[in-house]
Structures are given as C-alpha cells and as structure tokens.
Amino acid sequence: MAILSDRQLLVSFRQGDACALEALFERYESAVFQFLMGILRDHHHAEDALQETFIKALRDSGTVAPERFRGWLFTVAYREALLEKRRRKLRPRSADEPAVAFPDPSPSGEDLAEQRDQARRLRELVGQLPSHQRAVIEARIYEGKRYREIAADLGCPINTALARMHEGLKRLRLLWEGAREPA
Amino acid sequence: MNPHDPHRRSTGLAQKALLYAGGELDAAAAHAFESRLAHDPLSQDALIEAVQLSQLLMGGPLRPDPAYRDRVRSAVLSTPASDERPRARFFRRAATLTIACGLLLAAALALPSDRAPRRSSAPLVVQQAASSSSLAHAAPTHRSEDNSQSSALEDEGEKLETALEWAEMADCGEHLQRTWDEELRRKARHRWPVSHEPFAGEGTGAPARGAE
C-alpha cells in the first residue's frame, strides 16, 4: 500500500475518514508523545497533553497548509506542555512525585516480566560497547549518577561524558534493533 | 574548529537535549533550550532522540494508553473539520459582530437625534417664554394702550405655561399625548376663536389671533 502524504490524510480526515485519523496517529503519536515526555517528564501528564494536542491540532488543521502539519502539531504540543507545566506549578506537588525520572505507567504482571527480560538483554548489549561508553552508561543508568558527577569521576569535561553517553546509546539502539530482528 | 559546523551543532544539541531530558540543565539554560523547542525542528528532534535513548535503557519505548485515541476520535470526528470551516466561522463571527455594532451605532445615533431636539427645545421655549414672561408681568400697564400687544402677551403667557409643562414631562409617551392635546386645542381654537381663549373675557375684548 502506498504511503499517503499528510495532505492526502488530512483531506480524507476532513471528509470524516476515521482510517486517515488512525494513520495520522500512527505517524505522529510516538514522536509527539516522546517530545511531551521530554518536557513534562511524566507519563500521565504527557498522555493528557498528547490528547489535547491532537484534538486542538486537528480541529484547527484547516488554518495551516497540510505540508506544514508536522510543525503545527509540535507547536500545539509545545503550547500544551507549557500549559500543563503551569498547571502543575499551581498544584501542590505530592511527596511521592518524582522530580526528574520517567515514571512507570503501572505495567501489568505480564508487561513487568517482559520489561525485566528486556532489561537483562540490554545489560548484555551494554557489555558489548566500547569501555569508555560503557562506563558512562553504567554510571548513569545503573548507579543513577548525574552527568556532572560522572564527568568528575572519570576526570573528563561534562561535554565529553555527554558525547560518550550519546554515542553509546545510539550504538546500543543499533545493537538492540539488530537483536530484535528475526533471523 | 568551526562552531557553525553542522555536525558540531547537532552534537551540542544532542548533549543539551540529554541534559534537559534528565533535568540537569540549570534554570537559564533549560529556559533557553525550551524556547527553541517552540519553533526549531532540530531541537525538537534532539529532544525526541534523547527521550528515545533514555527509554531504551528503561526497557524500551513507553507508549501512551491507546484509549486516548477514542477520546480524540469522538472529539474531532463528531464535528468534521473542513478547509473552510474555521475561515467560515471567522467570517460569520465577524459579520455578526459588524451587524451588532452597526445596530448599536444606529441606535446610539437615533436616540440623541430623537431626544436632543426635545431636550434642547424645552429650554429654548422656557428661555423664550421666560424672556417674554417679564413682558407678561409688565403687560397690564400697556394692555389698554395696545391691543395687539396684549394679544401677543397672552400668547407668550400661554407659551410659558406650555414650556413649563413640557419641561416637567420626562416620558416620551407623555410628550406625544401632550402634542396630541395641543393639536386638538389648536383646532378647537380655530373653530371657536373667542370663547376658548384663556384671556378672552379680560381686557378690551380684542379679537383673538384665530379670528383674525
């Protein structure tokens, strides 16, 4: 099946085609959600903002050129994230709310077992990374250290620690995707 | 090394995004990066990648609860969008607003024009009548000498009375009723010129204005 452009999907959506809406979800949901997670650092708040983003962006999609739909979607997402942040500032923060980490969206028992299995395989893959990248990733993920602390421990500038982390994670992703592909 | 080198820029962005996603940027730097997220696709992509990579280490990418799709679907498909819809809505609202403003303006213009002459006419009449009332007080000394002047004074006295009555009236309906009564009286005066004149019995019996 040919990949439809945003313009084609939006035209179909405006005619009431639910399949076009599904295609738009598939195309942008993941990126917008991760973008919102990056700003809000909270799964539930990111989910709420994602819902509002799609509703507002699609309702007003007639005001933007279809080829600029992606940019429009992220603009709306950004506004929604800031609104959510402002709302959070006004709400009193509960004691168990984490400051930085991505919270667990309460997985079921089966999901939990799968996550543990994935974590074990990831750890094996981290072992395959070059030692300077592995040292940073292990310190960050398994020891929970901040980047400044890692840089201080390794005796290198923070940018070097960050570059090693970034390169290491990209390599890890390649290894992960390679490991998941069927033989 | 060239600071505008695209590779270096993207590396710098990736590092900033990692720090931002981890909440490790200081307030000023976080604010600056956040401002770029509003419009810069490179910064947006860098943040998305930072989050993806971080989630990878937490056991794979997190996904939103698919139930949100139903909520979006029911919100946006119940009122199908169209190219013209927002524009048409805008013009419809603008037209409604313009018509409403026009009506208000017309009403605002019509009201003073309807009332102003009455408001201004009453004092004018009062003024005219007041100036003539001094004549009216002085009138008895001259009435025997000049009949026409007497008639004029009577007329002015009546005008004063009318003006005072008009000035006391605040209601439009009252004005109309009063106008109607005045008109009837005027017609009656034309028909029976002497007997209906307020001062017909006094003085020298000079012919009333209507009889002339």
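This text goes with the structure placed above it.
Cut-off values and rules
Residues numbered from 1 in each chain as written. Chains lettered and ligands numbered in written order. Predicted model: local features only at pLDDT ≥ 70, side-chain atom pairs only at ≥ 80, totals over all residues. Heavy atoms only, no water. Axes fitted to C-alpha atoms, helices over the stretch in contact; angles between N-to-C directions. Helix = DSSP H or I, 4+ residues; strand = E, 2+ residues; numbered from the N terminus. Parallel < 35°, antiparallel > 145°, perpendicular 65-115°, else oblique. Left-handed = near helix turned anticlockwise from the far one by under 90°. Contact = heavy atoms within 4.5 Å. Nonpolar A, V, L, I, M, F, W, Y, C, P; charged D, E, K, R; others polar. Core = buried A, V, L, I, M, F, W, Y, C linked by side-chain atoms within 4.5 Å. Buried < 20%, exposed > 50% of the residue type's maximum accessible area, 1.4 Å probe, protein only. Domains from an automatic or database assignment. Salt bridge = Lys/Arg side-chain N within 4 Å of Asp/Glu carboxyl O. Buried area = accessible area lost by both parts, 1.4 Å probe. Polar contact = N/O pair within 3.5 Å; in protein donor to acceptor, adjacent residues only side chain to side chain.

A. Local environment of the packing of helix α2 (residues 18–40) of chain A against helix α3 (residues 43–59) of chain A. Residues and elements named next belong to chain A. Two elements in contact, α2 and α3, have axes whose closest approach is 9 Å; the angle formed by their N-to-C orientations is 135°. Taken together, the axis directions place α2 and α3 in an arrangement best described as oblique. Of the two possible hands of crossing, α2 and α3 adopt the one that is right-handed. Along its contact with α2, which presents L21, L24, F25, Y28, E29, V32, F33, L36, M37 and L40, the element α3 presents H43, H45, A46, E47, A49, L50, T53, F54 and L58. Split by residue class, the contact of α2 with α3 holds 14 nonpolar, 3 polar and 2 charged.

B. View of the nonpolar core. Counting residues in each nonpolar core, the largest one holds 70 residues, and the members touching the most others are F35, F54, L58 and L172 of chain A. Here the element with the most residues in this core is α2 of chain A; it accounts for 13 residues. Composition of this core by domain shows at least three residues from each of domain 1 (6–88) and domain 2 (113–179) of chain A. If we skip the residues at most four places from it in the chain, F35 of chain A touches F74, A77 and Y78 of chain A together with L37, Q44, L47 and I48 of chain B.

C. Representation of the pattern of salt bridges in the model. Here the structure, examined in full by the defined rule, presents 19 salt bridges over all chains. D117 of chain A is paired through a salt bridge with R121 of chain A; the nearest N and O atoms lie 3.6 Å apart. Of the two residues, D117 of chain A and R121 of chain A are both situated in helix α5 (residues 109–126); the distance of 4 residues between them amounts to about one turn of the helix. Overlapping salt bridges bring together E22, E26 and E29 of chain A together with R69, D70 and R73 of chain B as one network.

D. Spotlight on the interface of chain A and chain B. Taken together, the contact pairs 59 residues of chain A with 49 residues of chain B. Where chain A abuts chain B, roughly 5300 Å² becomes buried across the two surfaces, and 61% of that area is made up of carbon and sulfur atoms. Put simply, chain A and chain B have 8 salt bridges between them. In this structure, the salt-bridge partner of E22 of chain A is R73 of chain B, at a minimum N-O distance of 2.3 Å. Between the two partners, chain A and chain B, sit 19 residue pairs in polar contact (both at pLDDT 80 or more). Those elements that provide at least two residues to the side of chain A that touches chain B are α1 (6–14), α2, α3, α4 (69–90), α5, α6 (131–142), α7 (147–154) and α8 (158–180) of chain A.

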